[in-house]
Amino acid sequence: MSLRHHGPQDMPAVIQLARYLISHNQHWVSATVGKPGAGKSDFNMCLAIAIQAPAPFVPRKQIAMRPMDRKAVSMNLAKGRVVMDDESTGKGGHRRRSMSTENVDNAQDFDAMRGRNQATLLTGPDFQDLDTVQQKHCKMVFDVRHDHTATAYEVVQSGKPNNRYWNLAEAFVIDEMPHAAVLYPKEWAAYSEMKNDFLRGQDVAKKQRDAIWQDKANKTILDVLRL
């Protein structure tokens, strides 16, 4: 009888595993959960920057404020980049579908991210609030708390092929969570501005599309000038 494989036992090992998977044509997915104000976005940004280094993390291009924006963010990023989903509960990128087909939406979004060997960082109140497609893809769950500590869990698949379910096996405890505002003030300021725009009702996704279009236009102009 073989023993169950145990996953990473500290954050450096988590980062190493995520980098390994996306560099070997695979897909890293983790979920950060906790009560409002516990620091989920703070934690995810630190993790995103660490996974993607040395490539710069650009909040305006890599954060989806709504589930329906997640696929567009993914498709406009290069392979091996991080998609930070700031609110992962709800419908995916196919707005015309009903809530009953939410899992289909998420499956198609995850296919896009997996096909681009990206890392996907989900966010939600609780692991059980994520749908079964999201749970199936998750490798780690980070439960963050208001006292700036967190517990990391390995997601363990159980059950028979026609009746799967997922258990969380405690892997390690984080005694002091990193603070993006301290470690990465530029990126955190950009995220905060983006979040404020979203809360004021601005179309953040349109701004993302406009920024991507402008980057492509600038690249085209530079390519022409080099001829």
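Just above, that's the structure.
Participant: When you look at the pattern of salt bridges in this model, what are you seeing that I'm missing?
Facilitator: Pairs can form between side chains of opposite charge whenever their charged atoms are close. Evaluated as defined, the whole model comprises six salt bridges. The partner of Asp197 in a salt bridge is Arg200, and the shortest N-O contact between them spans 2.6 Å. Given a relative accessible area of 56%, Arg200 falls into the exposed group. Residues joined by salt bridges that share partners form a network here, namely Arg60, Glu193, Asp197 and Arg200.

Participant: What should I look at first to understand the pairing of strand 6 (residues 150–160) in this one?
Facilitator: As a general feature of sheets, a regular strand has side chains that alternate between the two faces. Most of strand 6 is tucked away, with eight of its 11 residues classed as buried. Pairing between strand 5 (residues 140–144) and strand 6: five bridges, direction antiparallel. Across the sheet, Phe142 pairs through a bridge with Ala152, a residue of strand 6. Counted between consecutive antiparallel strands, the loop separating strand 5 from strand 6 contains five residues, among which His148 sits at a positive phi close to 70 degrees. Direction of pairing for strand 6 relative to strand 7 (residues 163–174): antiparallel, over a ladder of 11 bridges.

Participant: Would you take a moment to explain the nonpolar core for this structure?
Facilitator: One finds Trp28, Leu47, Ile51, Phe142 and Phe172 to be the most contacted residues of the largest nonpolar core, which totals 35 residues. Those elements that provide at least two residues to this core are helix 1 (11–23), helix 2 (40–52), strand 3 (82–85), strand 4 (119–124), strand 5, strand 6, strand 7 and helix 8 (185–199). No other element matches helix 2, which puts eight residues into this core. Residue contacts for Phe172: discarding those within four places in its chain leaves Pro8, Gln9, Asp10, Met11, Val14, Met140, Phe142, Ala150, Thr151 and Ala152.

Participant: Just checking my understanding: could you explain helix 1 for this structure?
Facilitator: An α-helix turns once per 3.6 residues; consequently, residues spaced three or four apart project the same way. In this model helix 1 runs 18 Å from its N-terminal to its C-terminal C-alpha over 13 residues, within 8% of the 18 Å that 1.5 Å per residue would give. Within the span of helix 1, buried status applies to Met11, Val14, Ile15, Ala18, Leu21 and Ile22. Angularly, the buried residues of helix 1 cover 130 degrees about the axis, an arc narrow enough to put them on a single face. Summarising the geometry of helix 1, the exposed residues directed more than 90 degrees from the buried face are Pro12, Gln16 and Ser23. Next to the buried residues of helix 1 lie strand 1 (28–33), helix 2, strand 4, strand 5 and strand 7. Put simply, Asp10 is the residue that caps the front of helix 1, since its side-chain oxygen is 2.9 Å from the backbone nitrogen of Ala13. Asn25 sits one or two positions beyond helix 1 and adopts a positive phi of about 60 degrees.

What counts and what doesn't
Residues numbered from 1 in each chain as written. Predicted model: local features only at pLDDT ≥ 70, side-chain atom pairs only at ≥ 80, totals over all residues. Heavy atoms only, no water. Salt bridge = Lys/Arg side-chain N within 4 Å of Asp/Glu carboxyl O. Buried < 20%, exposed > 50% of the residue type's maximum accessible area, 1.4 Å probe, protein only. Helix = DSSP H or I, 4+ residues; strand = E, 2+ residues; numbered from the N terminus. Pairing = 2+ DSSP bridges. Core = buried A, V, L, I, M, F, W, Y, C linked by side-chain atoms within 4.5 Å. Contact = heavy atoms within 4.5 Å. Expected span 1.5 Å × (residues − 1). Arc of directions from axis to C-beta. Polar contact = N/O pair within 3.5 Å; in protein donor to acceptor, adjacent residues only side chain to side chain.

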